[in-house]
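These are the residues of each chain, in order.
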Amino acid sequence: MSVSFQVLCLVCLALAIVSCAPAQVTTEAPAPTTVAAAPPATPLSAAPAATAGATAIATIAASATFAPTATAAPTRTAPPTIAPPTLVPTATPAPTAAVTCKTPLSLTPSQTEGPMYLANPPQRSNFRTDAANAGAEPILLAGRVLTPDCKPIANARVDVWHTDAKGNYDMSKTYASRGYMLTDSEGRYEFATILPAIYTGRTAHIHVKITPPGGKTLTTQLYFPNEATNKGDAIFDPKLLVRLDETPQGKRASFDFVVGP
Ligand code: FE
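The sections below set out a description of the structure shown in this document. What you are looking at is a predicted structure, and each value in this text was computed from that prediction instead of being measured. (Residues numbered from 1 in each chain as written. Predicted model: local features only at pLDDT ≥ 70, side-chain atom pairs only at ≥ 80, totals over all residues.)

Attention now moves to unusual backbone geometry. Positive phi is not limited to glycine here, since Asn155 has a value of about 60 degrees. Note that Asn155 resides in the loop between strand E1 (138-146) and strand E2 (157-161). For Asn226, which is not glycine, the phi dihedral falls at a positive 65 degrees. Its location among the elements puts Asn226 in the loop between strand E6 (218-223) and strand E7 (243-247). The exposed category is assigned to Asn226, around which 7 C-beta atoms lie within 10 Å. (Helix = DSSP H or I, 4+ residues; strand = E, 2+ residues; numbered from the N terminus. Buried ≥ 20, exposed ≤ 12 C-beta atoms within 10 Å, placed from the backbone.)

In structure tokens:
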């Protein structure tokens, strides 16, 4: 009995050992399987799940595609960059719109040339330095040459002559207080000169010839406001009065000539 019992006990023990061992292996096996399965779900264990990895890559790729799109925000900043050029052409019409200009403008009246004109004067626009003008009041004679519809005329020839500080015309070849210049792209002209002195029968005036490129010459004269002798001048025309302004640089006599084709 004792021997049989011992044998029986040994058998039972052996069976117990055998049955316990696989149970541990089985228990341990699922564990790693579970652990291994878990990782694929996480981005770090991409190796096992190739399809999931591809999907993930595709997703990342898509994200990467969006990233540049997000960076494309600067591209959206581009429109503002494009806007200015759009504004430029918009701004361009403003000057050509001639909003500040009454159209059509009246043509500048013509007046006699007089006997003191000398042909072929030099191209010069500063008469202040002429010796005969010493002591005279300096003025800046400036303005534009325009068409009746307010368009500036570039390269128009503006020919000026007048008396010196003592009311005399220089009839020599020194061309004192004489000269011409061409208007710029805005139709502007500018002469640094003096307020001409009067002579018998005439008020203060400046003789001018305007010749647009390929156009007819306008011959006329300009006058100054508040001159007591204006009333006694037989050909004085108030339409030909300059606008006289005080500026930090001295008196500015402004006049815009309007000439026909
Ligand atoms: Fe004169």
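Still to come is the rest of the account.
Considering the arrangement of structural elements, one finds Ala132 in the loop between helix H5 (93-97) and E1. Judged by C-beta crowding, with 18 C-beta atoms within 10 Å, Ala132 ranks as partly exposed. Put simply, Ala132 and Gly167 are 35 residues apart on the chain and 9.8 Å apart in space, counted from C-alpha to C-alpha. Not counting the four nearest positions on each side in its chain, Ala132 is found in contact with Asp164, Ala165, Asp170 and Ala176. (Contact = placed C-beta atoms within 7 Å.)

It is worth spelling out the sheet that holds strand E3 (residues 178-182) at this point. Ordered in space as E3-E2-E5-E6, the 4 strands form an open sheet in which the pairing is antiparallel. Looking along the sheet, the strands with just one partner apiece sit at the ends: E3 and E6. Averaged over all pairs of adjacent strands, the angle between their axes in this sheet comes to 25 degrees, without regard to strand direction. Pairing of E2 with strand E5 (residues 205-211) involves 5 bridges; the strand directions are antiparallel. Each residue of the ladder has a partner; that of Val158, found in E5, is Ile210. (Pairing = 2+ DSSP bridges. Axes fitted to C-alpha atoms, helices over the stretch in contact; angles between N-to-C directions.)

Attention now moves to the pairing of E1. Of the pairings in the sheet, the one linking E1 to strand E4 (residues 188-194) comprises 7 bridges and is antiparallel in character. When the bridges of E4 are listed, Pro138 appears paired with Ile194. Pairing of E1 with strand E8 (residues 250-254), which is carried by 4 bridges, proceeds in the parallel orientation. Looking at the pairing, Ile139 lines up with Lys251 of E8. Pairing of E1 with strand E9 (residues 257-258) involves 2 bridges; the strand directions are parallel. When the bridges of E9 are listed, Leu146 appears paired with Val258.

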